[in-house]
Amino acid sequence: MELPKGQKRKVKDRLKAYVKDPYSLDLIDKLLVLDPAQRIDSDDALNHDFFWSDPMPSDLKNMLSTHNTSMF
């Protein structure tokens, strides 16, 4: 599937109002490419700057240790 000549993808433009982080906006844009040959693969997606910028992910052991009862 190709865009008509002169027309650009508008994913970033439409999501700018909702997504403030430029790294997340770039990752979403790269994941939503229609052509599978040009789409970012899972390895490159996990190595994207979005996952390596502050705030870094925290350790789940510390987060889950505060929960003493099951939610189910």
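Up top is the structure these notes are about.
In this report, we go over the structure that sits alongside the text. The structure displayed is predicted, hence computed values, not measured ones. (Residues numbered from 1 in each chain as written. Predicted model: local features only at pLDDT ≥ 70, side-chain atom pairs only at ≥ 80, totals over all residues. Heavy atoms only, no water.)

### Let's talk about the pattern of salt bridges
Where charged atoms of side chains with opposite charge meet at close range, the side chains can pair. Counted by the stated rule, this structure contains two salt bridges. Its salt-bridge partner being Asp26, residue Lys12 comes within 3.3 Å of it at the nearest N-O pair. Of the two residues, Lys12 is situated in helix α1 (residues 11-15) and Asp26 in helix α2 (residues 22-31); the sequence distance between them amounts to 14 residues. The closest approach of N and O atoms between Asp26 and Lys30, which form a salt bridge, is 3.2 Å. Of this pair, Asp26 and Lys30 both sit in helix α2, four residues apart, roughly one helical turn. Where salt bridges share partners, they join Lys12, Asp26 and Lys30 into one cluster. (Salt bridge = Lys/Arg side-chain N within 4 Å of Asp/Glu carboxyl O. Helix = DSSP H or I, 4+ residues; strand = E, 2+ residues; numbered from the N terminus.)

### Side note on the packing of aromatic side chains
One pass over the full model with this rule turns up one aromatic pair. Judged by centre distance (5.0 Å) and plane angle (80°), the ring pair of Phe50 and Phe51 falls under edge-to-face. (Phe/Tyr/Trp six-rings, centres within 6.5 Å; stacked < 30°, edge-to-face > 60°.)

### Describing a nonpolar patch on the surface
Together, Tyr23, Leu46, Phe50, Phe51, Trp52 and Met56 give the surface a local cluster of nonpolar side chains, amounting to about 620 Å² of exposed area. As for its position among the elements, Met56 is in the loop between α3 (42-46) and α4 (60-64). (Patch = residues over 30% accessible without salt bridge, like charges linked within 9 Å, V, L, I, M, F, W, Y side chains within 5 Å. Areas by Shrake-Rupley, 256 points an atom, 1.4 Å probe, with all protein chains shown as cover.)

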